[in-house]
Each structure stands twice: as structure tokens, then as C-alpha cells.
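Chain by chain, the residues run as shown.
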Amino acid sequence: MTIKRNNNLILLLLAASFLGGSICGAADSSSSAANANASSSSYFVNSSSSYGVDGTHRNLQSNPCPGCSGRKCCLTKPECYWDGVARKCWLLAATPTPPPTPPPSSPPTTLQIVFSGTGSPPNPLPECHGDCDNDSECQGDLRCFQRSTTEAVPGCPGQATSGVDFCARRPSEDTVWLNGDNGSPAANFPLGLCEGDCDSDADCQSGLICQQRSGTELIPGCIGNPEPGEDYCRYPDPTSPPTPLPTVAVTPSPTSLPTVGVTPSPTPLPTVAITPPPTSAPTNAVTPPPTPVPTNAVTPPPSSAPTSPPSNAPTPVATTLPPSPPTSTLQEVYSGVGPSPNPLPNCHGDCDIDSECEGALVCFQRSDMEAVPGCTGQATLGVDFCAERPTANTAWLKGDNGSPAANFPLGLCEGDCDVDADCQSGLICQQRSGTELIPGCIGNPEPGEDYCRYPDSTPPPTPLPTVGVTPQLVLVGDPPNRILGLCEGDCDTDADCGSNMECFQRPGLEKVVGCLGDGVSGKDYCALREEKTVLFLKGNNGSPAANFPLGLCEGGKIFKNSDYL
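Residues numbered from 1 in each chain as written. Predicted model: local features only at pLDDT ≥ 70, side-chain atom pairs only at ≥ 80, totals over all residues. Heavy atoms only, no water.

*Asks:* Is there a simple way to explain the pairing of strand β3 (residues 88-92) in this structure?
*Replies:* On a regular strand, one side chain projects to one face of the sheet and the next to the other, so that they alternate. Inspection of the sheet shows strand β2 (residues 80-83) paired to β3 by four bridges, in the antiparallel sense. Bridge pairing links Trp 82 to Cys 89 in β3. With antiparallel pairing between neighbouring strands as the criterion, β2 and β3 make up a hairpin whose turn holds four residues, including Arg 87 at a positive phi of roughly 55 degrees. (Pairing = 2+ DSSP bridges. Helix = DSSP H or I, 4+ residues; strand = E, 2+ residues; numbered from the N terminus.)

So, in C-alpha cells, the structure goes:
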């Protein structure tokens, strides 16, 4: 190899000398000029690197240069090349210009926390930068994506500190987007279409509902990748709920305790044959003017001293009233400790007391899988829901086993009671083992549950002792081991006493109604209170709590006006 390369170099020098020039002479200058022209085209230029070990040019074609065979001619043609070794003019091989290399695509922006101080950032934050608090802190049309934990930010790779919010691009208004949580930031509530995290329908703009999700459920009408378990606002299903209008023949505004045949005030839509429409020229015999109060023959006035409590139970006509049509499906939107963040709407739970419900809704207390009046569907065992109680005498579950304490004693048609002491004064607990009717109550009472109601119209026989005999105060035990009789103690509540008796609370040696003797100081005894107008000690300094506030003619050691009813 070395010998052959040296021979080539010697031949090249001899050729240059023979032509009367030098490698650095004028001939080479013209050759350089020609090759410069060649280099301006897409052809390869003259270079020593173009020679191979065999002395041939690497870029030459096997075809001679057309129309030119001499050196001078060859050097004038940019498409040709003079081979000083072979002393021939060859046609150069064209090399196509390669396409420009496209610039590498820029990788997506990674989450970056560039501001975490108090107040607003010094400049609007670019895409995938945080921490933002609202949309105004982001550049252009970017939106602040609100995160409560480590939720992924749309269009931004990487992970960042839990709860840090980032500016990002929301492709469309129906793309799922986290815009706040638990009512914060307040400026973003109520939430718009496909925005979360909502807790109830009240967190959404008008016309939207809050879809509750426990996993990866789809959100009708929304696109994107919703965060698992987060709740989003959307349009309600196209199927409209049943109309809440009352059915025909039901009074638009029925009274809670209607009386047969009596219309307290003219109804806006008079019923046939009961209140005929007035004629254009009515006569007294045809259309008498409505009386402002019912006549004595229809509704006699109550006596000044009734022998038994007046019955507020409705007549059998009222018991046929249909329940209100269902308005919503049961939804569990809150199950944490303490009060819910917002008042719960109709058919939403879990509530504990009435104050956690919207407006006039009442918390329906469930110990099992009881149906909730006016609501469809089933829910978790024992979860309580806000619902609408149509009337005061609609059967309603308000508690069980004395819980919640604020609901005891129970009112009319309320359950579940165990004994009469679970009911308000003047009511009794009706024990039920199945679907027995509850006199004076309407609705659909839960089978086997017990409800408070008025006692039967026939009063029970009075337990008054034989005339002329007044029992003495007797201390049976503290606490007693049985239900106490008349003038026996020590009682703590009315439940410790026999039927129709009450516990007379004494801070000292106060006289016990209907009993003889002083008894033991500070001990309480069961007594018979024949009339509600009889003075009766029911407590002291707010104890027992179940007796406060005090009723008519009831007393104790009073400290403030709120101790009275």
C-alpha cells in the first residue's frame, strides 16, 4: 500500500512539472476556481480525500465527461473532474441534498412550584407553574387547577407537593376540571358544568346536579379524565322527575287535622256538590254566604272542662290521603364527623338532627333499611336522610332508644318509642308487632315500629284510692327495684312511676300532691296529677333535663325564663 501511494504522488509531481506549472501555480489557481464553481453546485469538490488506495476517485462515475477530454476543458466544466492520475476527465456523481433535520419537539412542561408565598405572585404564572389561588394569577386564558391532594394536572407531567394548585389549559368547557373543594375558593362556587369537587346540588350552578362518585364512574356530558372518587357538576338526566302536583280530588292545601264536611275557608278550586260555584244572582236559599265560623250543629264548641283530652286525630277520610310523590333518589353526600358543611337538600344524608336539613325538611332517623317517605332507592343501613314531612300527623321515625336525645320525648305519630315515657305528655306509645294501624296517624308506618299517639277516647279507669283514704309517702328504694305506685319513691323520672302518674321532684320536704307525710328530705315520689292546672314540682335547676322546659302549672327552682314553655 505504501509503495503504491508513493508512486501516485511521484506521478502527480511529474505531471505538474510536465505541464510547466506547480502545485501552487496558476494552473492550480484555475483548477481551484473551477472546483469552487463545482462546490457551489450539489457536486463534490476536488479533494485529496476523494482518492482511494487504488488511485481512483471515490466520487467519479464510470462515464467520461461528455464533450471534453483534455485537462483545460475539464477544468472549465463544474460537472466534470480532471483525474490527474489517469489523465482523464470524468463526470462527477451528483449527491442529493439531504432534507433538513427537523428540530426536536420540545418536551411538555413539567410541574414547577415557583411561588408559594402569601398574596399574589409578582407575575402571572405560565402553564404548569404554581402555586396559584385563582384564575387571575395565571397567564392569558390559563385556568387555576385546584388540587386537594396529589391529583394529576391536565397537560402537565410530573408530580408536586400535595394540595399545590397549578395553572393549566382547559381544552373546553365540558372538560372535567377541579375548581375547588368544600366551598373554597368561594369565588369559584357554585361550580359550573363538569367542574368539581361538589358535595351536593347546592354546590352547582342553577340547572346542574352534583354526581356522586365513589370510583371511576363516567360523568354524562363531560369529557377528559375525571379524578377517581371526586364529584362533578353535570346536567340532570333527560328523564324529568314525576310532577309534584296533587292528584284530583285532593285539597290543594289540606289542613293538618281536617273535619268531615267542614270547609274552614273557600277552596281555590271548589269541590263538586260541597261548595257549588256562586250563581250570577244568588238567592239565600240556593247559595248562603259562608259563615266565618262553623255552626254549633256542625262543630260544637269544646267544653270548659273536658273529661278527656280533645282528640286531634283526623277522621277516616284523612287517612286515605296518598303519600307525596317521590321527588328524588336517596343520596349519601356526607358521612363525616360533626355537622355537614352545608344544609342537606331533600333525600340527602347522612343527617343527625333537623338543623342539618334545608328549610323545613326533617331528619328521618333510620336504624335499619327503613324506606324514607317521598324518596326512592335504597341506602346504607342506618343512614339518616332529610325529607319532607307532609303533616304533623304523618307517621315519622325521629329516633330510637332515646337517641338523638334532642328528639325525645317524641311527638304525635313519631317513633320509635318503647314506653309511654318516650312520648310527650298526653300521648301513649302504641306497641306494634306488624302492620297495625295507628289511630289518628296517616302515611306508611314502618312495620313493627312503635309510634306515639293520643290515647283512645274512652279514658282508662282512674287509679284514685277509695274515697277517704290518702296513702302515706313510702320510700321503696333508691333506686327502686320495681315500678313505683302512688306515693312511693324514690323516683327520678315519670318512667319510674305506674300508669298515669308523674314523679314529683322535691329539693327538700315539700308537700307531695295527694299524699300524706313528709317522707325523706330530697327524695322524689310518684303522685297522681288529676288536672294539668294542679301545681306540680317537675324539676330543679334544669334537672331532670327531660322535664325542661316546664309546662303549665309546673314548677321548680327557676333561674331563667327559658325554663318555661
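From this point, things continue past the structure.
*Asks:* Mind showing me how you'd approach the state of the cysteines here?
*Replies:* Linking two cysteines covalently via their sulfur atoms produces the bond known as a disulfide. Under the counting rule described, the total for this entry stands at 18 disulfides. With its sulfur 2.0 Å from that of its partner, Cys 204 forms a disulfide with Cys 233. Across the S-S bond linking Cys 204 and Cys 233, the dihedral sits near -85 degrees, which makes this disulfide left-handed. Placement of the pair is Cys 204 in the loop between β9 (195-196) and β10 (209-211) and Cys 233 in strand β11 (residues 232-234), with a sequence separation of 29 residues. The exposure class of Cys 204 is buried, given its relative accessible area of 7%. (Disulfide = S-S within 2.5 Å. Buried < 20%, exposed > 50% of the residue type's maximum accessible area, 1.4 Å probe, protein only.)

*Asks:* Could you clarify how one ought to interpret the pattern of salt bridges in this entry?
*Replies:* According to the stated counting rule, one finds 17 salt bridges in the structure shown. We note a salt bridge from Asp 141 to Arg 169, for which the minimum N-O separation is 3.0 Å. Taken together, the positions of Asp 141 in the loop between β5 (129-130) and β6 (143-145) and Arg 169 in the loop between β7 (166-168) and β8 (177-178) put the pair 28 residues apart, joining distant regions of the chain. Asp 141 sits in the exposed class, given a relative accessible area of 56%. With relative accessibility at 41%, the residue Arg 169 sits in the partly exposed group. (Salt bridge = Lys/Arg side-chain N within 4 Å of Asp/Glu carboxyl O.)

*Asks:* Teacher, can you tell me more about the nonpolar core here?
*Replies:* Residues Leu 330, Val 372, Cys 375, Phe 385, Cys 417, Cys 423 and Cys 452 are the most contacted members of the largest nonpolar core, which totals 25 residues. Secondary structure elements with two or more residues in this core: β15 (362-364), β17 (385-387), β18 (396-397) and β21 (451-453). (Core = buried A, V, L, I, M, F, W, Y, C linked by side-chain atoms within 4.5 Å.)

*Asks:* Would you mind going over the packing of aromatic side chains with me for this structure?
*Replies:* The description of an aromatic ring pair uses the distance of the two centres, along with the angle that the planes make with each other. Here the structure, examined in full by the defined rule, presents three aromatic pairs. The interplanar angle of 90 degrees and the centroid separation of 5.1 Å between the aromatic rings of Phe 364 and Trp 396 together place this pair among those described as edge-to-face. Taken together, the residues Phe 364 in strand β15 and Trp 396 in strand β18 connect sequence positions 32 residues apart. By the burial criterion, Phe 364 is buried, and Trp 396 matches it. For the ring pair Phe 504 and Phe 536, a centre distance of 5.0 Å and an interplane angle of 80 degrees mean the geometry is edge-to-face. Highlighted residues: Phe 504 in strand β24 (residues 501-504) and Phe 536 in strand β26 (residues 536-537), separated in sequence by 32 residues. The two residues Phe 504 and Phe 536 agree in class, both being buried. (Phe/Tyr/Trp six-rings, centres within 6.5 Å; stacked < 30°, edge-to-face > 60°.)

Everything listed here is a matter of geometry and, on its own, says nothing about what the molecule does.
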